[in-house]
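Below are the chains, spelled out letter by letter.
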Amino acid sequence: MESPTTTAPDGGRPRARWALVSVLAANMLVDALEVSATLVALPSVGAELGLSAPGAQWLVTGFAAGFAGLLPVGGRLVERLGRRRVYLAALLVFAVASLAGAFTDNAALLTATRVVKGCCVALTAPTGLAIIVAAVPEGAARRRALSLYSFFGAAGFCAGLLLSGILTEAGWRWTTAFPAPVALLLLAAGLRLIPHGTPTDGPARPRTPARYAAVGGLGLTGAVLLLGYGLAHLAGPGRDPAAAGAAFAAALLLGAALLWAERRAARPLVPVELLRHAPLLRSAAGAAALNGSYVAFLLIVTLQLHGAGWGPWRTSLALLPAGLPLALTALHSGRIAGRLGPARAVAAGAAAAPVGYALQPRTVDTATGFADLLPAMTFVGAAFVLAFTALHLQATGSVPAPLQGAAGSLYQTCVQLGAVLTVALAAALYTAGPGSALGLVTAVGAVGACVALGGLGRPARPTDPLSARSGQRKEAPPCPESPCASPSSSAAFAKAASDPFPPPGSPRRPAGARTSSST
């Protein structure tokens, strides 16, 4: 199947193109602020709905699970339905889920809306990048468009902290509802600006049944949620070995079913070649540890500050140093990684993270001030600046062009899986005391550092064995950065955004080639 054909809006006029880029970048900002905004509001939600830390953490892990579950099949949905339909439908569902979450008093329904919103972001973030690459001509204009998209993704985390700090002072429901009107305005603009596309059949690509894509996404999301549920009941005062064991068994069964389906699929979601690609797997493991420990750390600090009487606005300011460095360096992150070399940048960042976690005070009380928190936040912020982009470059830099999309999807799914698993267990341990939870986070960060340091002894070869077999190699795609919410996952489509997830050996268009117009 050929990728959906795309035309630039309004005949490709520059003003219309930049209006399109602005709309897509604005939605990237909304996507990126989801997790940081929820972190600040989490104590208020828990207090009103009567949720303990293990119960409230589902608002974070539910979003990450939805993101991780749907991302691998997002490209197949785009192939079947077209970018415009997928993007606009996901945007509408995102707005509805935001409103539903704001008006509910049921914790289970609120968690469900978070899962749905994670699924929507798994579609809008990478598909938005795909639309930009297809609509903006290659060259300086496209580089500026991608830079804008990347910057908005990075700035979204900080914007979410500050916005939630303001809105949650009036009530957490305002924080939950805020994205809805913004998404609806962007939907109205998108209906006018996003180019039409029509999927067409072609001999180069086996047709993926829509049922397989949908079931695969739901099955993977369910398996991730079950793993998180099991971990949440594995430790702490709410420990329930029977419930944890049942959840793990169900997750194992779902995983086995997905593996069985993958082995028989004409186009598996994860080509087997990628599972033998050491740089990709090593980087995915390191990124999972970094992202998981980062999100869990911020969750723990938020709960500590709430217990010490800090309000939402003060809490958001305390967390800001952990995200602001990434926003300030977003447009230069690739240059930083290139100057140091991806392996050295990853190792330095991965080593800085556990140092920051270890510096966090185990006891936070009314005497604790911003200065007491700053050393930990500074190290954690520096860790992301150094390591996050470099991890992506290291993961996909030697993957051959036909596998770039699947590699990006696998990598970003691991990033989100790390958040689900680490946060769930850290929240369970937090009920026994912040020290236990921070110890877990520090240990996870240390494991990530060990994985990264192992990469220093394996310098990248000019030609990776996997690339040598395919005869193709491609520079790693741009990676819009946004910790936690990880619309940096849009890199899963960035490798050839107008041609998502081509199968191994499929022909590729020359760089800069444009598809014909079709509505």
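Bear in mind that the values here come from a model prediction, so they are computed numbers and not experimental data. (Residues numbered from 1 in each chain as written. Predicted model: local features only at pLDDT ≥ 70, side-chain atom pairs only at ≥ 80, totals over all residues. Heavy atoms only, no water.)

**Some words on the layout of surface pockets**
Inclusion rule: Residues are said to line a cavity or pocket when one of their atoms sits within 4 Å of a point; the points come from a 1 Å grid over protein atoms alone, cavities being sets where a 1.4 Å probe fits but cannot get out and pockets being open sets with protein on both sides within 12 Å along at least five of seven lines. Grid points are joined across faces, edges and corners, and a volume is the space filled by probe spheres set on the points. Helix and strand definitions follow DSSP, with helices as H or I runs of at least four residues and strands as E runs of at least two, each counted in order from the N terminus. Side-chain classes follow a simple rule in which Ala, Val, Leu, Ile, Met, Phe, Trp, Tyr, Cys and Pro form the nonpolar group, Asp, Glu, Lys and Arg form the charged group, and the remainder, Gly included, forms the polar group.
One number sums up the size of the second largest pocket: a volume of about 810 Å³. Around the second largest pocket, the lining is made up of 28 residues, and of these Leu220, Leu258, Leu259, Glu262 and Val270 lie nearest the centre. Elements represented by at least two residues in the lining of the second largest pocket include exactly helix H3 (58-81), helix H9 (210-232), helix H10 (241-264) and helix H17 (404-430). If one sorts the elements of the lining of the second largest pocket by residue count, H10 sits on top with eight residues. A breakdown of the residues in the lining of the second largest pocket according to their chemical character gives 22 nonpolar, four polar and two charged.

**Topic: the nonpolar core**
Rule in force here: Put simply, buried Ala, Val, Leu, Ile, Met, Phe, Trp, Tyr and Cys residues joined by side-chain atoms within 4.5 Å make one nonpolar core. Think of it in three bands: residues with accessible area under 20% of the maximum for their type are buried, residues over 50% are exposed, and the middle band is partly exposed, with areas taken using a 1.4 Å probe on protein chains only. Contact criterion: two residues are considered in contact whenever any of their non-hydrogen atoms come within 4.5 Å of each other.
Core analysis: the largest hydrophobic core is formed by 131 residues, its most contacted members being Leu24, Ile132, Leu274, Tyr294, Phe297, Leu298 and Tyr411. With 15 residues, helix H11 (residues 278-307) is the largest single contributor of residues to this core. Not counting chain neighbours up to four residues away, the residues in contact with Tyr411 comprise Leu280, Ser283, Ala284, Ala287, Phe388, Leu391, His392 and Ala395.

**Quick look at the pattern of salt bridges**
The line we're drawing: Basic side-chain nitrogens of Lys or Arg form a salt bridge, by our definition, when they fall within 4 Å of a carboxyl oxygen of Asp or Glu.
In total, this model carries four salt bridges according to the counting rule given. For Glu34, the salt bridge is made with Lys117, and the minimal N-O distance between the two is 3.2 Å. Of this pair, Glu34 sits in helix H1 (residues 14-49) while Lys117 is found in helix H5 (residues 107-135), placing the two residues 83 residues apart along the sequence. Lys117 shares its class with Glu34; the two are buried. With its nearest N and O atoms 2.8 Å apart, the salt bridge here joins Arg173 to Glu48. Of this pair, Arg173 sits in helix H7 (residues 172-177) while Glu48 sits in helix H1, and the two are 125 residues apart along the sequence.

**Considerations on the packing of H11 against helix H16 (residues 370-396)**
Defined as follows: Note on method: axes are straight lines fitted to C-alpha atoms, helices fitted across the in-contact stretch only, with angles between N-to-C directions ranging 0 to 180 degrees. Roughly parallel here means an angle under 35 degrees, roughly antiparallel means over 145, roughly perpendicular means 65 to 115, and every remaining angle is called oblique. The handedness criterion is simple: a crossing whose near helix is rotated anticlockwise from the far helix by less than a right angle is left-handed, and one whose near helix is rotated clockwise is right-handed.
Where H11 contacts H16, the axes come no closer than 10 Å and their chain directions differ by 155°. The angle between the axes of H11 and H16 places the two elements in the roughly antiparallel class. In this structure, H11 crosses over H16, and the sense of that crossing is left-handed. The residues of H16 that touch H11, namely those facing Pro279, Leu280, Ser283, Gly286, Ala287, Leu290, Asn291, Tyr294, Phe297, Leu298, Val301 and Leu305, are Leu373, Ala376, Met377, Val380, Phe384, Ala387, Phe388, Leu391, Gln394 and Ala395.

**Digging into empty space enclosed by the protein**
Scanning the entire structure with this criterion turns up three cavities of 30 Å³ or more. The wall of the largest cavity is formed by 15 residues, among which Thr38, Ala41, Arg114, Thr175 and Thr176 lie closest to the centre. Taken together, the elements giving at least two residues each to the lining of the largest cavity come down to H1, H5 and H7. Considering each element in turn, the lining of the largest cavity owes the most residues, seven residues, to H1. Here the lining of the largest cavity is built from residues that sort into nine nonpolar, three polar and three charged.

**Describing the packing of helix H15 (residues 342-359) against H16**
At a closest axis distance of 7 Å, the pairing of H15 and H16 adopts a crossing angle of 150°. With respect to H16, the axis of H15 lies roughly antiparallel. Between H15 and H16 lies a crossing of left-handed hand. Its residues assigned to classes, the contact of H15 with H16 comprises 20 nonpolar, three polar and no charged.

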